[in-house]
Amino acid sequence: MLLPWVLVFSALGLGTGGDSKRFSWSERQAREVSEHLVDLFVGISQLLHKGRSGAPTIVSRKEWGSRSLTCSGRLAPPVPYVLTEQLVGMECQEQNDCRQKLRDLQAHSVYTKGWCDVAYNFLVGDDGRVYEGVGWDVQGTHTRGYNNVSLGLAFFGAKEGSTPSPAALLAAEDLIFYAIRKGHLSPRYIQPLLLKEEVCLTPQQPVMPRKACPMIITRSAWEARETYCPKMNLPAKYVIIIHTAGATCNESMDCQIRVRDTQSYHMDKLDFCDIGYHFLVGQDGGVYEGVGWHRQGSHTYGYNDIGLGIAFMGNFVEKPPNAAALEAAQALIQCAVDKGYLTPNYLLVGHSDVSNILSPGKALYDVISTWPHFRQ
């Protein structure tokens, strides 16, 4: 769980070196945060203004026993932000204990959350050590809207209700200035700002965040054949989540080939009127138009004219799709509601819920069962 706050360090066009302006709180801002968060905020602010130049000791992924890194989104340095969060429920003081906590966090992130790895670029233990998350060059999944322009830094190990230790703050300071020197972070002087975040510490019914419609790779882009499918009965009443059970794809060109081959198989071997799905989602985070909004699919008997079939390209029995693919599918569903293609009180089901089939695979099914409107 996360404490209900996020510190954002934004490169503000201030002079480098020690010529920065002193940060000051207004009375209204001070009243909005609790005393221990103010103490933490001021502590980091003071550290950043001292201009330390130490190089951090980073415990590598291999050293803490990480799984293989599978995230594909790349950061374009230097990034202008550092976003920090404090994790609770991960108390540890000894390095071996902290390593185990990170392995548990990674497993939770991948198998429960459906992310490609831990959410953060680096994690700072209360033991004063910096642990490599997804590292300098890969996007994290820590803060929607900032993942591609920021380094995500998480403090862990402190007792619940306590702020990070002085050793942890010093390690974070060294990491930030090292990032500036090495070109990972904007070389302009860092000015701290506080952004409030609404994070509930008790489980709630998940709510689909409102997003802009995702970019959809059209049929013409992947060179689709002509469709012969009848019209869809809109707005649809169901969303049916499917996996293709074949190979996955991580690059747009590979995904387009995969979609084209799927269409050929469906039409030439199965005698479908077109590709069977309304939309397909790749591990590149792309949404590929199948028969689209207005035509019936051929994915689920009895639901083809009233259910939107969204197929993740790949086999997700053991491992779920990555965060980019999951977010793209969720954005597509919200887009369908916003555009009137899907009724607002739709039901979301797995393919296996409405057909005698293993799709969408257990790992993906476990993820979608936490999504809004899910019905088993």
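As shown above, the structure is provided for reference.
Before going into details, it helps to say that this report is about the structure given with it. (Residues numbered from 1 in each chain as written. Predicted model: local features only at pLDDT ≥ 70, side-chain atom pairs only at ≥ 80, totals over all residues. Heavy atoms only, no water.)

**Let's talk about the pattern of salt bridges**
Pairs may arise between side chains of opposite charge once their charged atoms sit close together.
Here's step 1: Taken as a whole and assessed by the stated rule, the structure comprises six salt bridges.
Here's step 2: With its nearest N and O atoms 2.8 Å apart, the salt bridge here joins Asp 274 to Arg 219. Taken together, the residues span a long stretch of sequence, with Asp 274 in the loop between helix H5 (252–269) and strand S10 (279–281) and Arg 219 in the loop between strand S8 (216–217) and strand S9 (236–243) at a distance of 55 residues. Here Asp 274 matches Arg 219 in class, with each residue buried. (Salt bridge = Lys/Arg side-chain N within 4 Å of Asp/Glu carboxyl O. Helix = DSSP H or I, 4+ residues; strand = E, 2+ residues; numbered from the N terminus. Buried < 20%, exposed > 50% of the residue type's maximum accessible area, 1.4 Å probe, protein only.)

**A closer look at the pairing of strand S4 (residues 122–125)**
Here's step 1: On S4, burial covers both faces: Phe 122 and Val 124 on one face and Leu 123 and Gly 125 on the other are all buried.
Here's step 2: Bridge analysis of S4 against strand S6 (residues 150–156) gives four bridges, and the strand direction is parallel. Within the sheet, the bridge partner assigned to Leu 123 lies in S6 and is Ala 154.
Here's step 3: Pairing geometry for S4 and strand S5 (residues 130–132), over three bridges, is antiparallel. Within the sheet, the bridge partner assigned to Leu 123 lies in S5 and is Tyr 131.
Here's step 4: Hairpin connection between S4 and S5: a loop of four residues separates the two successive antiparallel strands, and Gly 128 in this loop has a positive phi of roughly 85°. (Pairing = 2+ DSSP bridges.)

**Considering the nonpolar core**
When a protein is soluble and globular, its nonpolar side chains tend to lie buried together.
Here's step 1: Within the largest apolar cluster, 29 residues are counted, with the highest numbers of intra-cluster contacts made by Ile 241, Phe 312 and Trp 371.
Here's step 2: Per-element accounting of this core gives the leading share, eight residues, to helix H6 (residues 323–339). (Core = buried A, V, L, I, M, F, W, Y, C linked by side-chain atoms within 4.5 Å.)

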